[in-house]
Amino acid sequence: MLIFSMAFTAQAKTISELNKEKQSIERDLENSEKELKELRSQKSETEEYVSVLREKINLLQDKLDTLEDQRDALQKEINAIQDKIDKTIADIETSQKEIDAKQAEFEEIYEQYCQRLRAMYISGNVSTLEVLLESGDMSSVLTRAEMVKCVAKRDNATLDELMRRMQEIEKEKHELELKKLELDDDKKNLDSQKSELQSSINEINSSKSELSSEISECNSLLRKLSSTETEIKEGIDENREAIQAIEDDIYRKSHSSAAPSGSYTPGSGVLGYPTSYHSISAGYPNYRSGGYHGGVDFPCPSGTPVYAADSGYVAIAKSLTYSYGKYILINHGNGLSTLYAHNSSLVVSEGQSVQKGQLIAYSGSSGHSTGPHCHFEVRLNGTRVNPLNYLG
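Residues numbered from 1 in each chain as written. Predicted model: local features only at pLDDT ≥ 70, side-chain atom pairs only at ≥ 80, totals over all residues. Heavy atoms only, no water.

## A look at the overall build of the protein
Threshold: Only DSSP runs of H or I reaching four residues or more are called helices, and only runs of E reaching two or more are called strands; each is numbered from the N terminus. Note on exposure labels: buried denotes an accessible area under 20% of the residue type's maximum, exposed denotes more than 50%, and partly exposed covers the range between, all computed with a 1.4 Å probe on protein chains only. Any pair of residues with heavy atoms lying within 4.5 Å of one another is described as a contacting pair. Exposure was quantified through the Shrake-Rupley algorithm and a 1.4 Å probe, taking into account, for residues, occlusion by the shown protein chains and nothing else.
Helix and strand content of the protein: seven helices and nine strands. Out of the 392 residues belonging to the protein, those deemed buried represent 42%. In the protein, the proportion of contacts linking residues at least 24 apart, taken out of those at least 6 apart, comes to 70%. In the form shown here, the protein has an accessible surface area of approximately 20000 Å², with 48% of it arising from carbon and sulfur atoms.

And the structure:
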């Protein structure tokens, strides 16, 4: 069964790199679409048309993967910006509290200083104090500090302290304003990134819809072509994550040394044919078309008995609407396991011990299949191997 490549980028790509990759894929998609339009004017049910359509499907899947990587990268960037905004807001609140505290201290000292000046005024020492008291505001008083150097040393020290505190407050207010400007810029950046993220999500949904439509068309055409060409249909699957989950489950359970709760008889390693039909329509490891095929296909009428190739226990017995459809995985021990796919119904259940030649299912065309057959795989330590090397 043809499975799309599951390889992922070894290290995270930047958004810029992902955009370039997406643009390159979109150019290839454009070329494929042009070729498809030309072929549509001819007879569409041709191998050439299907081949180009499959190429477009692969490109759409590549684009979808790139868009999803881009979405994830944007989300990480949004999270980082949001963290920075939260920290800046916290810093602003802290700075504002510090400024308010210093402002309160300043006003207290200033009030004491004003009381001192009033006392001096009442005592008649007004020659220079009038200049200060007639000033319009606190800043004017302080900027004329040189004019009141004639007052007592204690007054000069108080005035110096007021000026120092005022300068500190003004400096911190300036820094606070810079933080607020930075916060505004970050918020604008955040809004921009969120907008780009939404566009990416919309494009993902659109690409999924287009991919699904093209797959449906391809599958429909493949059914009309010869058996050689229709076998390709099994290799088209729109949900890579689901396929990868199946493969992970099969690998884990075919590689597992854990036995079921009951006893079972390990296999001999020499396998019997899974059906009474021994002719092969698609072999290992490739279809005649060149696509990867992980097992061998034994064409047979729907409802044909399917037998356990060797003794062991049922590690997986599942019914899917895609991929392998209704399938069974039997663990024979010593790292060897066999898989039987596209059945119409299953006879055994997970954990059940089986003997070589025991009825386990009835063949069919469930999942992604072009017609009734038994798809048979042999796996050694979870990895597909050539079944013909084990059939006795």
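Next comes the rest of the write-up.
## Brief notes about the environment of His 368
Along the chain, His 368 turns up in the loop between strand E7 (359-363) and strand E8 (373-380). The buried category is assigned to His 368, whose relative accessible area is 12%. C-alpha of His 368 to C-alpha of Ser 323: the two residues are 45 residues apart in sequence and 5.0 Å apart in space.

## Some thoughts on the state of the cysteines
For clarity, the threshold we go by: Disulfides are defined as cysteine sulfur pairs within 2.5 Å.
Enumeration according to the criterion identifies zero disulfides in this entry. Residue Cys 300 stays outside any disulfide, its sulfur separated by 6.2 Å from that of Cys 374, the closest cysteine. Look at Cys 374 and you get buried, because its relative accessible area is 0%.

## As for the packing of aromatic side chains
To be explicit about the condition: The pairing test for Phe, Tyr and Trp rings, Trp by its six-membered ring, is centres within 6.5 Å, and the orientation test on the planes gives stacked under 30 degrees, edge-to-face over 60, and tilted for anything in between.
A complete count under the given rule lists five aromatic pairs for this structure. Taken together, the aromatic side chains of Tyr 273, Phe 298, Tyr 340 and Phe 376 make up a single cluster linked through ring pairs.

## Thoughts on the side chain of Arg 384
Quick note on the threshold: Whenever a nitrogen or oxygen atom comes within 3.5 Å of another N or O atom, the pair is scored as a polar contact, on the condition that within protein one atom can donate a hydrogen and the other can accept it, and that pairs from neighbouring residues in sequence are kept only if both atoms are in side chains.
One can find Arg 384 in strand E9 (residues 383-385). For Arg 384, a relative accessible area of 15% translates into the label buried. Within the structure, Arg 384 has its side chain in polar contact with the side chain of Glu 247 (distance 2.9 Å). In terms of polar contacts, Arg 384 uses its side chain to reach the side chain of Tyr 324, at 3.3 Å.

## Topic: the confidence of the model for the protein
Quick note on the threshold: For every residue, the pLDDT score states the predictor's confidence, bounded by 0 at the bottom and 100 at the top.
Per-residue confidence for the protein averages 77 on the pLDDT scale, and 73% of its residues sit at or above 70. Ignoring residues within four places in sequence, the model shows residues 143-152, a span with pLDDT below 50, making 19 contacts including any to other chains. Low pLDDT (under 50) marks residues 226-238, which in the prediction has 55 contacts with non-local residues, meaning those over four places away or in another chain.

## Concerning the pattern of salt bridges
Spelled out, the test is: Here, a salt bridge means any Lys or Arg side-chain nitrogen found within 4 Å of an Asp or Glu carboxyl oxygen.
Overall, the coordinates contain 14 salt bridges when judged by the stated rule. Between Glu 168 and Lys 102 there is a salt bridge whose closest N-O contact spans 3.6 Å. Separated by 66 residues along the polypeptide, Glu 168 in helix H5 (residues 153-224) and Lys 102 in helix H2 (residues 47-122) bring together distant segments of the chain. Assessed through its relative accessible area of 24%, Lys 102 is described here as partly exposed. One salt bridge in this structure joins Arg 252 and Asp 249, with 2.7 Å as the shortest N-O distance. Of the two residues, Arg 252 and Asp 249 are both situated in helix H7 (residues 240-255); the distance of three residues between them amounts to about one turn of the helix. If you follow the salt bridges from partner to partner, you end up with Asp 249, Arg 252, Lys 253, Lys 318 and Glu 350 in one network.

## Regarding the pairing of E7
This is how the line gets drawn: For two strands to be treated as a pair, DSSP must find no fewer than two bridges joining them.
Relative to E7, strand E2 (residues 305-307) is paired through three bridges, and the arrangement is antiparallel. Looking at the pairing, Pro 305 lines up with Tyr 362 of E7. Pairing of strand E5 (residues 336-346) with E7, which is carried by three bridges, proceeds in the antiparallel orientation. Residue pairing for E7: Leu 346 is matched across the bridge by Ala 361.

## Digging into the nonpolar core
For clarity, the threshold we go by: We call a set of buried residues a nonpolar core when its members are Ala, Val, Leu, Ile, Met, Phe, Trp, Tyr or Cys and they connect through side-chain atoms within 4.5 Å of each other.
By size, the foremost hydrophobic cluster in this structure holds 21 residues, and its most contacted members are Leu 271, Ile 328, Ile 330, Tyr 340, Val 354, Ile 360 and Phe 376. Counting residues per element, the ones that place at least two in this core are strand E1 (296-299), strand E3 (312-319), strand E4 (326-333), E5, E7 and E8. The element contributing the most residues to this core is E8, with three residues. Ile 15, Ile 85, Ile 99 and Leu 176 belong to the second largest nonpolar core, which has 19 residues in total.

## Re the environment of Pro 387
By the element assignment, Pro 387 lies in the segment after E9. Residues Pro 387 and Val 296, 91 residues apart in the sequence, show an inter-C-alpha distance of 7.1 Å. Residues contacting Pro 387, with those up to four places away along its chain left out, are Tyr 284, Gly 295, Val 296, Phe 376, Glu 377 and Val 378.

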